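Next come the chains, spelled out residue by residue.
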Amino acid sequence: MTRYNAGATEAKWQKVWAENKTFEVTEDRAKPKYYVLEMFPYPSGKIHMGHVRNYTQGDVVARYKRAKGFNVLHPMGWDAFGMPAENAAMENNVHPAKWTYENIDHMKNQLKSIGFSFDWSRELATCDPEYYGKEQAMFIDFMEAGLVYRKESWVNWDPVDNTVLANEQVIDGKGWRSGAPVERKKLSQWFLKITEAADDLDKELDNLPRWPEKVRVMQKNWIGKSKGMHITFDAVENDKKIRVYTTRHDTIFGASFIAIAADHPIAAEYAENSEELQAFIEECRQLGTSEEALEKAVKKGFKLDLQMQHPFRDDCKLPVYVANFVLMEYGTGAVFGCPAHDQRDLDFARKYDLNVIPVVIPKGEDAATFEVGDVANTDPGVLGNSDFLDGMSVEDAKAKIIELGEAGGFGEATINYRLRDWGVSRQRYWGAPIPMIYCDDCGVVPVPKEDLPVTLPDDITFDKPGNPLDHHPSWKHVDCPNCGKPAVRETDTFDTFIDSSWYFARFACPNTDAPLDKELTDYWMPVDQYVGGIEHAILHLLYSRFFTRAMKEIGLCDVKEPFDGLFTQGMVCHETYQDEKGDWVLPEEVEKKDDGTVVSRVTGESIKSGRSVKMSKSKKNVVDPTSIIDTYGADTARWFMLSDSPPERDLEWTEEGVEGAWRFTQRLWRTVTTMLDADAANIEEPSDFSKQAKELRRMTHISIGSIGKDIENFHFNASVAQTYKFANAIAAFKSDGSDGDRFALYEAIKSIILLTSPMMPHLAEEMWTMIGGEGLVSDATWPVVREELTQQSSVTVVVQVQGKLRDKLDVEKDMDKETLEKLALASDKVQSFIEGKEIRKIIVVPNKIVNIVV
RNA sequence: GCGCUCGUGGUGAAAUUGGUAAACACAGCAGACUUAAAAUCUGCCGCCCUCACGGGCUUGCCGGUUCAAGUCCGGCCGAGCGCACCA
């Protein structure tokens, strides 16, 4: 018996697919379209197991949908801009472009060796001027549409690397790369007005039923829509005004102070004449933003010589504090403090000995005697100590205050968002240049469209800290397109999240001169099934949703939601190993002995195995896909990725599991090669079948139905389990040589080849030629379930007494209730449990169960 | 602190959405084949009592709804994830 030679077979079919352009698609309007997309990789050097899992899942869906008659777009590209290329340049003295393109080359070959059904003709790399030039053009159009502005703002500044860091690049108050404490710095930056879309981005989450609930919730929280009101307080002694944002306007009678942020304009005004206040403001700015820093931070305030008038109580003057817990970036940068019902305000009030007036009185308490200790009261209740609001519900009180505020001109209902505008400037070389020119006379001038793309210069150096574009001797010097005088280019580049915010649309029309071809984009978009990691739940997905809206606004497409269906796959994990020194050890360097101990293959010393965590270079618990594919073949790797663990859950990579998957590919191959009776292809369906043939056909058609359904629902592990059952049934079949048996066996073999083809495409192609299948299995249609063949003439009905299983009855299907009841009561086993007892009730569910209650 | 998700054998897990808990696989045990090993094949495999037949228990814990609960409801415990001085 020859073994299935995965290596040679897989290479053969990959070549056939490439030569036939099997997976290249055009806009075939005779078929429904289906766009399957996996999040494109950053070309870091090598494909890792996480990629393999991600793309295998998408590939199963893509191949399945093709077989179901859809016109499937399944593209792949490279998220190729970013800091690692610059880091490599600095560390290894290699140009970022060279490093990136070499990585792409290598990784593309790796992906090809796994047999994914990508349409490579649409491949794109975001670092290609062909791509980022279109991005620059769109940015200029966005600017004309009023979606872009430039403003000075506070940024996270890394003093060692001399660059801005995104919020997510600040870890515990330190730069993620340099480890230096991050400073706050004011810098002019380009912004995209994502906040203008905040309401729509929030609202439309409710219309994305094919997204995981978890991701929708995370986005909702990130957008952070809150309904409240603005109230403007007037100063007692002068004409200053402070506008606050609050969601608890019902507690206005509990107000005992006003607090403003350190960066609030009024704070700055008072600081002019107070060194003490200047010092306090500086202290607030130094305050870390890390979790521990906030936990430890004491509420602190600096009292100003300023009092504000309470809008409803003439006798009440509210002191004003500059406080370290008020954020300038949220709301108006000012709040009124109501200590009784807000923990922060309470902490502050206790420290500075301010009034604590309870105004929402819990049920059963009396307004005159109810007191708040060290814990603010946030329980529901009715208003008290609140003059005309007394006795009202919280909701009614809020409405009343809004009504009075609007009537009196000192307040209005408002909606606030946590989401801020998207700062897209980065002081980096390896990104798309922001296409703007600064002219002393004309100001900011967009680069004329005919001059795009603004390409990166090749001759750059990384010997100085900071942005190489800024250091370049000539690149930034340019004549003003407006007046022709010497001017300078913007040397900042785009945040790389911009690159990944529209690539999915570009795949629809990768060769168009304009950023997008509207007709083609509208044909393919939205992505019907997007597959990627949960780590992109907020940023990438939110930015993409915004970008698609912006593209619609400037007329590039008609869709506004880019991803109709989203699936977030789990991580690939592996046990961790440490040697006696505590250094991490690669899985391939350890050996497990029969007695359970683990030793190093290299040094022989004993190794401590630790818990299974996400594969990562730092813990060295990685398995290289290439070595797995060389040893077992791509189909085995794909099959293992899909078995056992549900795709959304973490997958534990084990040697035993891969071995098991490999054994199955061999067993399936063996079953098909030894049992195949190719001549049976010509037998016409007989009218009569043996009992075992009927059973095999039942298994065949149940499998066709359930494997397809499980793929559609992303229950690949269930598809795999059903395939095992089906394969076991085929292997156990002993044909008696009759036409019926031969027909049933051939039907089963043909079906299992088709059913496994999305998961193990190479093996399926090979077996397909053996059974004389027409063309490629990749082009074959999914088999059709014949429902009548899945039916059984008899069913097992369970008999329970008091809800406990006592007997099973093999009866004819659809037997009526009376007969079932009679049969159940006649059972000896049942009788022994009901003997001498009064039967109170009998529940009969036909084809399922009889429950006797005594 | 707020929010979300998840707790089922030695392990990964399944359970038609309230109707036979543990399918399928991994590991393990026993046997066949083999000079031997690998590969392959056959059988066993939740826990407890029993030679066996059989019985009892079992889906993190406690309670509830129901003829019937892994599934629904309430409370608790544990694990993971997200956000977090957001007014």
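One numbering rule holds for all chains: residues counted from 1, following each sequence as written. Written order determines the labels here, with chains lettered from A and ligands numbered from 1. Note on the predicted model: pLDDT of at least 70 is required for a residue's local features to be given, and 80 or more for side-chain atom pairs to be given and counted; whole-chain, interface and lining totals, by contrast, use all residues. With hydrogens and water stripped out, all remaining heavy atoms of the structure feed into the side-chain values.

Visitor: Please explain the overall build of chain A as it appears in this structure.
Guide: Here a strand is any run of E in DSSP of at least two residues, a helix any run of H or I of at least four, and the numbering for each starts at the N terminus. Across its full length, chain A carries 27 helices and 34 strands. C-alpha atoms of chain A, sized along the principal axes, occupy 105 × 85 × 65 Å. Every one of the 854 residues in chain A was classed for burial, and the buried ones make up 53%. Contact criterion: two residues are considered in contact whenever any of their non-hydrogen atoms come within 4.5 Å of each other. Restricting the contact set of chain A to residue pairs at least 6 apart, pairs at least 24 apart contribute 71%. In this description, accessible areas are obtained by the Shrake-Rupley approach with a 1.4 Å probe, and a residue is regarded as covered only by the protein chains that are shown. Summed over all atoms, the accessible surface of chain A reaches about 39,200 Å², with 48% contributed by carbon and sulfur. One way to put it: in chain A the 101 positive side-chain charges average out to a point 4 Å from where the 138 negative ones average out. Relative accessible area decides the class of each residue, using a 1.4 Å probe on protein chains only: under 20% of the type maximum gives buried, over 50% gives exposed, and in between gives partly exposed. His residues and chain termini do not enter the charge count, which takes Lys and Arg as positive and Asp and Glu as negative. Note on charges: their place is set at NZ of Lys, CZ of Arg, CG of Asp or CD of Glu.

Visitor: What am I meant to see in the pairing of strand E22 (residues 486–489) here?
Guide: A regular strand places its side chains so that they alternate between the two faces of the sheet. When DSSP locates at least two bridges between a pair of strands, those strands are taken to pair. The sheet contact formed by strand E19 (residues 436–439) and E22 spans two bridges and is antiparallel. Residue pairing for E22: Ile437 is matched across the bridge by Arg489. With three bridges connecting them, strand E21 (residues 477–479) and E22 associate as antiparallel partners. Among the inter-strand pairings, His477 is bridged to a residue of E22, identified as Val488. In this antiparallel pair of consecutive strands, E21 and E22, the connection spans six residues, and Gly484 shows a positive phi of 85°.

Visitor: I tried to follow the environment of Lys620 on my own but got confused; where do I start?
Guide: Relative to the assigned elements, Lys620 resides in the loop between strand E29 (608–614) and helix H18 (625–632). In this structure the C-alpha to C-alpha distance between Lys620 and Glu575, which are 45 residues apart in sequence, comes to 9.8 Å. Dropping the residues within four chain positions of it, Lys620 is found in contact with Trp584, Val585, Leu586 and Pro587.

Visitor: For this particular structure, what's the right way to read the pairing of strand E8 (residues 226–235)?
Guide: Burial within E8 is extensive, with seven of its 10 residues counted as buried. Alignment of E8 against strand E9 (residues 241–246), held across six bridges, turns out to be antiparallel. Bridging across to E9, Ile231 finds its partner in Val244. Hairpin remark: E8 followed by E9, antiparallel, with five residues in the connecting loop.

Visitor: It is not clear to me how the sheet that holds strand E2 (residues 71–73) should be interpreted in this structure. Could you clarify?
Guide: Strand-to-strand pairing in sheets goes through backbone hydrogen bonds, with the strands running parallel or antiparallel. Spatially, the four strands line up as an open sheet ordered E2-E1-E24-E25, and their pairing is parallel. Both edges of this open sheet fall to E2 and strand E25 (566–569), since each of them pairs with a single strand only. Pairs of neighbouring strands in the sheet enclose a mean axial angle of 20°, with direction left out of account. Note that strand E1 (residues 33–38) and strand E24 (residues 529–533) share three bridges and pair parallel. Paired with Val36 across the strands is Gln529, a residue of E24. Structural elements are reduced to axes, namely lines fitted to C-alpha atoms, with helices fitted over the stretch in contact, and the angle between N-to-C directions of any two is expressed from 0 to 180 degrees. Lying on the sheet, helix H2 (residues 49–67) is in contact with E1, E2, E24 and E25; it crosses E1 at an angle near 175°.

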